[in-house]
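Residue-level structure breakdown
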Amino acid sequence: MSAVVTDHEHEHHDHKPAGIKRWLYTTNHKDIGTMYLVFALIMFFIGGAMAMVIRAELFQPGMQFVEPNFFNQMTTVHGLIMVFGAVMPAFTGLANWMIPMMIGAPDMALPRMNNWSFWILPFAFLILLMSLFMPGGGPSFGWTFYAPLSTTYSGDSTALFVFSVHIMGISSIMGAINVIVTIFNLRAPGMTWMKMPLFVWTWLITAFLLIMVMPVLAGVVTMVLTDKYFGTSFFDAAGGGDPVLFQHIFWFFGHPEVYIMILPAFGIVSSIVPTFARKPLFGYASMVYATSSIALLSFLVWAHHMFTTGMPVAGALFFMYCTMLIAVPTGVKVFNWVATMWRGAMTFEVPMMFALAFIVLFTIGGFSGLMLAITPADFQYHDTYFVVAHFHYVLVTGAVFSIIAAAYYWLPKWTGHMYDEKLGQWHFWCSLISVNMLFFPMHFVGLAGMPRRIPDYALQFADFNAFISIGGFLFGASQLIFVWVLVKCARGGKKATAQVWEGAEGLEWEVPSPAPYHTFETPPVIK
Amino acid sequence: MALKHKSLTFKLAVIALAMFGFGFALVPLYDVFCDLTGLNGKTAVTAASADAALIDTSREVVIEFIARPNKEMPWVFKPEVRRMTVHPGEIHIMNYLAENPTGRMIVGQAVPSVSPGQAALYFHKIECFCFTQQQLAGGKNMLMPLQFYVDPALPSQFSTITLSYTLYDVTSAWTGDAAASSQLGE
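Residues numbered from 1 in each chain as written. Chains lettered and ligands numbered in written order. Predicted model: local features only at pLDDT ≥ 70, side-chain atom pairs only at ≥ 80, totals over all residues.

Examining the overall build of chain B
Our working definition: For helices the rule is a DSSP run of H or I covering at least 4 residues; for strands it is a run of E covering at least 2, with both sets numbered from the N terminus onward. In this scheme every C-beta is placed from the backbone, and a residue whose C-beta has 20 or more other C-beta atoms within 10 Å is buried, one with 12 or fewer is exposed, and one in between is partly exposed. Contact criterion: two residues are in contact if their C-beta atoms, reconstructed from the backbone, are within 7 Å.
On a plain count of helices and strands, chain B comes out with two helices and nine strands. Along the chain direction, N to C, the helices and strands of chain B fall in the order α-β-β-β-β-β-β-β-β-β-α. For chain B, the residues scored as buried account for 27% of the 186 residues in total. For chain B, the proportion of contacts with a sequence separation of at least 24, taken over those separated by at least 6, is 77%.

Some points on the overall build of chain A
Put simply, the rule reads: C-alpha atoms define the radius of gyration in this analysis, and the globule rule sets the expected value at 2.2 Å times the number of residues to the power 0.38.
For chain A, the helix and strand inventory stands at 18 helices and zero strands. Here the C-alpha atoms of chain A give a radius of gyration of 23 Å, agreeing with the 24 Å that 2.2 N^0.38 yields for 527 residues. Looking at chain A residue by residue over its 527 residues, the buried ones come to 54%. Looking at chain A alone, contacts between residues at least 24 apart form 83% of all its contacts between residues at least 6 apart.

Notes on unusual backbone geometry
Look at the link from Ala147(A) to Pro148(A): it is a cis peptide, with omega at 5 degrees. For the peptide bond that leads from Ser115(B) to Pro116(B), omega is -5 degrees, which places it in the cis range. Counting through the fold element by element, Pro116(B) comes out in the loop between β5 (106-115) and β6 (123-128). Positioned with a positive phi, Phe520(A) is a non-glycine residue whose angle comes to about 55 degrees.

Here's the deal with the sheet that holds strand β1 (residues 61-69) of chain B
Residue and element names in this part refer to chain B. To be explicit about the condition: The pairing criterion for strands is at least two bridges between them, as found by DSSP. For helices, the fitted line uses only the C-alpha atoms of the stretch in contact; every axis is such a line through C-alpha atoms, and the angle between N-to-C directions lies from 0 to 180 degrees.
Strand order in the open sheet made by the five strands is β3-β1-β9-β5-β7, with mixed pairing throughout. A single partner strand is all that each edge strand has here, and the edge strands are β3 (83-86) and β7 (134-136). Neighbour-to-neighbour, the strand axes of the sheet open up by a mean angle of 30 degrees, direction not taken into account. Across four bridges, β1 lies against β3 in antiparallel orientation.

Overview of the sheet that holds strand β2 (residues 76-79) of chain B
Residue and element names in this part refer to chain B. What the four strands build is an open sheet, ordered β2-β4-β8-β6; its pairing is antiparallel. In this open sheet, the two edge strands, each paired with only one partner strand, are β2 and β6. Along the sheet, successive strands turn relative to each other by an average axial angle of 25 degrees, direction set aside. Pairing geometry for β2 and strand β4 (residues 92-99), over four bridges, is antiparallel. Bridging from a neighbouring strand, Phe-77 pairs with Ala-98 of β4.

A word on the nonpolar core
We count it as follows: A set of buried residues qualifies as a nonpolar core if it consists of Ala, Val, Leu, Ile, Met, Phe, Trp, Tyr and Cys joined through C-beta atoms within 7 Å.
Core analysis: the biggest nonpolar cluster contains 177 residues, and Val87(A), Ile211(A), Val220(A), Phe354(A), Phe358(A) and Ala405(A) have the highest contact counts within it. For Phe358(A), the residues in contact, after removing those within four places along its chain, are Ala265(A), Val269(A), Thr397(A), Gly398(A), Phe401(A), Ser402(A) and Ala405(A).

Re the interface of chain B and chain A
Worth spelling out the cut-off: For this scheme, ten residues count as nonpolar: Ala, Val, Leu, Ile, Met, Phe, Trp, Tyr, Cys and Pro. Four count as charged, namely Asp, Glu, Lys and Arg, and the remainder, Gly too, count as polar.
Contacts between chain B and chain A engage 26 residues on the former and 26 residues on the latter. Elements with a minimum of two residues in the side of chain B that touches chain A: α1 (2-37), β5 and β9 (160-169) of chain B. Here the side of chain B that touches chain A gets 16 residues from one element, more than from any other, and that element is α1(B). A breakdown of the residues in the side of chain B that touches chain A according to their chemical character gives 16 nonpolar, nine polar and one charged.

Comments concerning the packing of helix α8 (residues 198-229) of chain A against helix α10 (residues 263-277) of chain A
Residue and element names in this part refer to chain A. The cut-off we apply is this: An angle counts as roughly parallel when it lies under 35 degrees, as roughly antiparallel when it exceeds 145, as roughly perpendicular when it falls between 65 and 115, and as oblique in every other case.
Remark: α8 packs on α10, axes separated minimally by 7 Å, with the N-to-C direction vectors making an angle of 175 degrees. Comparing their axes, α10 and α8 come out roughly antiparallel. Of the residues in α10, those in contact with Leu-198, Phe-199, Trp-201, Thr-202, Trp-203, Ile-205 and Thr-206 of α8 are Leu-263, Pro-264, Phe-266, Gly-267, Ile-268, Ser-270 and Ser-271. Grouping the amino acids of the contact of α8 with α10 by side-chain chemistry returns nine nonpolar, five polar and no charged.

A look at helix α18 (residues 462-491) of chain A
Residue and element names in this part refer to chain A. Going by this rule: Expected span of a helix: the number of residues minus one, times 1.5 Å.
Compared with an ideal rise of 1.5 Å per residue, which puts 30 residues at 44 Å, α18 spans 45 Å between its outermost C-alpha atoms and is within 8% of the ideal. Within the span of α18, buried status applies to Asn-465, Ile-468, Ser-469, Gly-471, Gly-472, Phe-475, Phe-482, Val-485 and Cys-489. Check the buried side of α18 and you find it contacts α3 (29-58), α16 (385-415) and α17 (421-447). Positive backbone phi, at 140 degrees, marks Gly-493, one or two positions downstream of α18.

Some thoughts on the pairing of β1(B)
Relative to β9(B), β1(B) runs parallel, the two being bridged by eight bridges. For Phe65(B), the partnering residue across the bridge sits in β9(B) and is Leu163(B).

Written as structure tokens, this is what we have:
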């Protein structure tokens, strides 16, 4: 193995233009992966700044800092940026960096398309962020842009919103096609389907979900655009349309979308836990089947977001049972992770800490999801802070924690240096405590009836909200430690070995650290 | 190798394009699904035949009438009575009062919805002002008739049916009666 790699070492510094052109013209999967990850981090802080505005406003009851219309823009754009700008590009960045190295491929299959799918993304978000400075402000109808809020009652920034979502969608679809073609065509000889690392498997399934549902999102935003500007009536009852139809089409995209944001996280945790438990993953095959069944079921549950639209009992029951069924494969995964750790020689470096927090806190988010799936109970919980608590547990302590875990796990491979373990532990403990201060009490205010997306609230929620806001500010500040760790690690530090972690197994740990610019130009031998 | 990439990329791009089309196909599919099942309270916008089945005098069903103009619609719009008790199979006529308090001609279109949704399949309109667009000159008023019956096959758990009309201002899209009725007949 290492002989093959050193053979190519003298070529590494070739074909790499200097300065900004390297990044503009690059077709190298590692460069593009890095750009995706840096872009996601910047978006995470922009979206996070908006969350800080929201929490500052909600620190006390009454109107404190911002106008209600601006508050609504903050909740809307915070959601859009975190979903499409932070979580999804971060996963695509990880896919770009790791998938070719994990399957022994020299690069992604379609490198030029790869460059393009990244470089249209900054423009999508530039358009979205610029819309905030338009007269009347940016989109303020919630990230779910329900009609008629986004058609009849929205401002002209809606057009910019629609175009930016179109661009994000095209970028995701191209990225997904690239991942699928790479995995289908570029696996090293001997890398059979059931030998692929689970991160590769989960991303393959995610990529199929992306090409199935992102076009539906593109369709529904197009309908919003034509309803608003070109006189169609897809969602306008006066012209024979139906606003409830909007919710059906949106959630047909929206529910698989939440699995797009969590399946790669399952893959990351399935890579990290065996490394630090020093045991192979328990139930590899069942993990693959569980991931596939979650993906298939995700197409049958969309209307559980719409129980209060006046659905007939038969429909509500169908969607309720299908939703609960998803708990089965998800439970298989959680039990497999726990069984992997059972009697393992565990150590608790930062990636493992974040992975462990993921398992516990994601499961809490999963349980509140089960509560929301119960139709009669959902009538109480719908559109309250309970829902906000639920999806932040699965997305922040779920998806975001897994991305942070992945960053710590592979950072030595990317930079060639070990990160500062002590600072990393500080980052973990500060994040863990503050994130629970931030989101756990939201369950209670939600059950007590505090509605989401409202800049003011009844006095009895004041103490809880002040506490939640403090947790929010602390969580925001904790992420600055992360940036500190990243910068420090990129600049220098203890040299990392090729294997980096004692228990790490897989092709990516057989190339030197930092990974050379070109890897596996000759396919590796799979044991 | 490159050919292999191209053919797979092409297939995946076709899936993506097909799914874009599927998003739009959901619009008619949704209507068909609601029409077939009566879900979502969608009722037929074409006339039912008047040859009703036997009148079931052993059973009474309460029909509640709700009518409201949409926010942008200046008409006054209300039913003559709020509720009516009927036997399944009996044909009844119900009048709605419309008044245009503005000084200009306005065209209205009423959109019906029946609740509970499952009962929508059993509520038949023989003649309805909602089948066509209604034109009313400024300052005038009129009675708009609805002729209906409840299907005797209505499942026994339904004892009350609510019929709700929302009236929209469609003056800007008005193209004359002929075009309007053919548009609604589809």
